[in-house]
Amino acid sequence: MYDEKKLKEIAKRKKEWETTCYNPLKERSPERMERFQNLSWTEIGPLYTPVDIKDIDHSRDIGFPGEYPFLRGIHSTMHRGRLWTMRQFAGFGTAEETNERYKYLLAHGETGLSVAFDYPTLYGYDTDHPLSRGEFGKCGVAISSLKDMEILFKDIPVDRITTSMTINGPAPIVWAFYIANADKQNIPRSQIGGTIQNDVLKEYIAQKSFIFPPEPSMRLTVDTFEFGFREVPRWNTISISGYHIREAGSTAVQELAFTLADGFEYVRAAVARGLDIDAFAPRLSFFFNAHNDFFEEIAKYRAARRIWARGMKELGAKKPRSLLMRFHTQTAGVSLTAQQPEINLVRVAIQALAAVLGGTQSLHTNSMDEALALPSEKAVRLALRTQQIIAEETGVTYTADPLGGSYYLEWLTDRMEEESLNYFDRIERLGGVIPAIEKGFFQREIAEASYRFQQEVENGKRTIVGVNKYQMDEPVEIPLLVMDEKGEEVQINRLKKLRRDRDQGKLDRALKALGKAAKGEENTMPYILDCVHAYGTLGEICGVLREVFGEYKEPAIF
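What counts and what doesn't
Residues numbered from 1 in each chain as written. Predicted model: local features only at pLDDT ≥ 70, side-chain atom pairs only at ≥ 80, totals over all residues. Heavy atoms only, no water. Disulfide = S-S within 2.5 Å. Buried < 20%, exposed > 50% of the residue type's maximum accessible area, 1.4 Å probe, protein only. Pairing = 2+ DSSP bridges. Helix = DSSP H or I, 4+ residues; strand = E, 2+ residues; numbered from the N terminus. Contact = heavy atoms within 4.5 Å. Axes fitted to C-alpha atoms, helices over the stretch in contact; angles between N-to-C directions. Core = buried A, V, L, I, M, F, W, Y, C linked by side-chain atoms within 4.5 Å. Domains from an automatic or database assignment. Expected span 1.5 Å × (residues − 1). Bend = angle between axes of the 7 residues up to and from the residue. Polar contact = N/O pair within 3.5 Å; in protein donor to acceptor, adjacent residues only side chain to side chain.

**Quick look at the state of the cysteines**
Stage number 1. Scanning the entire structure with this criterion turns up zero disulfides.
Stage number 2. Among the cysteines around Cys139, which has no disulfide bond, Cys542 carries the closest sulfur, lying 16 Å off.
Stage number 3. On the basis of relative accessibility, which here comes to 31%, the residue Cys139 falls in the partly exposed class.

Dropping the structure here:
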């Protein structure tokens, strides 16, 4: 670091630059905006120097890739050794249709699968439930039983690829479908790898696809932690998600702070159960958004790793792997526009580049047509090619944390960490994450940020290309995905046949045993698996848990 004498010289030289160079030009030719602010409304100065990061100690605060506090990446070689996993979030209609999309993506170079489920599945309902009508397959694939999971992964080597499944309220049940499918293929559980999102706290805060109240939901999550490190050691039993918090309208700082607050809450719950932090912590993972402000996003990922490593150390983690923050990133769906959808390719490329420069372990790039429909084959192929170009042609993978040491980036990283810690203090004063949810704190903060941003778009203070500036009046001419119109009928008939052919007595005994376990303190995962192997449906298994735990009703927020 610079000594005090050198810092004074730089500060003096900057003042001279402002007086003789910067201010005269600004007076002759005014800057485009009176104040430059990023998407968290942090004011950005015209220039950053060593003076702005004089309090940063390299060894303590920055370090080296693969070493504590992991600011510069969790692996020493980063993408020189291994590229991130390229996943394209995919799911629509029937299991058969989605299976074909997975095979298409794998054939074009995807290196990991990522499952999107429809809303009935997210809420724990079978396709033939009255509340499911009209929602079948619209935003993901319908999975109502082990039979559907068998079809979804037909002819796909689940022991040689990893699978991410974005589901939360009924996550233990859908995970059990996946495990049981491997069991039926005689694949050892120790050989299947992937991630189940399983982040229920985020549901109460942002996405709202919750089922049970917070306390029993947390119990089910910890059940998966305990079962996972014992039975399915390569599986990430949670993906603590800031993505949906950001999509709901939060700032980058709020996404960072709320996500990590949720993460620490899960750790405390598992430790309170009596689990060894170093047994389950290595399988915790995260899921972040990649939005439009390039440097803010990179700073967010770097700050997240440092906050997590320090926080886990304070909570008692000893092993280095317990301190690592491994995360998946998805480009910002909320930033996509229906107007001039082709330019979404440009937005996504820049967002994906920020994720790579920020050190992501896994990445999904949104397709250009997603503001209009589920992705077509052409659109999803172009989205995948975006990742491949970044990986193979740009050179950004040649060195770890290539922007590390930038005065601006290091200042911004520190600033985001400081603002996140301020949020931690506010949450703690409210009694913790769950009391803060019940008081509407997170929901109100996100709503206010979303409203402020929308106001700035509408008054022209924030530019959205093609929406409030550079508009064009021409029809959209890109091919859109068309799903099988008879898919819902196919799914309902499959459910009827399933219920007719299975051993109902065996299932009834398994469901009864699950209910008894849920009323007690046993880990529910073995009982859920027994129900799944007996071809109990998602709705039937969730129905038992609903009877025991009840359903969550969100209070009004004023």
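**Examining the sheet that holds strand β5 (residues 235-236)**
Stage number 1. On the basis of which strands lie adjacent, the open sheet formed by nine strands has the order β5-β4-β3-β2-β1-β9-β8-β7-β6 and parallel pairing. Either end of the sheet is taken by a strand with one partner, and the two such strands are β5 and β6 (238-241).
Stage number 2. Pairing of β6 with strand β7 (residues 284-290), which is carried by four bridges, proceeds in the parallel orientation. The partner of Ser241 across the bridge, within β7, is Phe287.
Stage number 3. Most of the contacts of helix α12 (residues 294-314) go to β7, to which it runs at about 160 degrees, and overall it touches β7 and β8 (327-331).

**Digging into the nonpolar core**
Stage number 1. Membership of the largest hydrophobic core comes to 80 residues, with the highest contact counts inside it found for Phe258, Leu260, Trp308, Met312 and Phe442.
Stage number 2. Per element, the largest residue contribution to this core is eleven residues, and it comes from helix α10 (residues 252-273).
Stage number 3. When we break this core down by domain, the ones giving at least three residues each are domain 1 (4-58) and domain 2 (84-361 + 368-458).
Stage number 4. Contacts of Phe442, omitting those with residues within four sequence positions, involve Ile205, Phe258, Ile427, Val433, Ala436 and Ile437.
Stage number 5. Formed by 61 residues, the second largest nonpolar core is a distinct cluster that contains Ile173, Phe212, Leu220 and Cys542.

**What about helix α1 (residues 4-28)?**
Stage number 1. Here α1 is 25 residues long and its end C-alpha atoms lie 35 Å apart, about the 36 Å a rise of 1.5 Å per residue gives.
Stage number 2. By the largest-angle criterion, Glu18 marks the main kink of α1, which is about 45 degrees.
Stage number 3. Taken as a whole, α1 has its buried residues at Leu7, Ile10 and Tyr22.

**Looking at the side chain of Asn366**
Stage number 1. Checked against the element boundaries, Asn366 lands in the loop between β9 (362-364) and α14 (377-393).
Stage number 2. According to the relative accessible area criterion, Asn366 is buried, its value standing at 2%.
Stage number 3. A distance of 2.9 Å separates a polar atom in the side chain of Asn366 from a polar atom in the side chain of Gln330.
Stage number 4. Of note is the side chain of Asn366, whose polar atom sits 2.6 Å from the backbone oxygen of Thr331.

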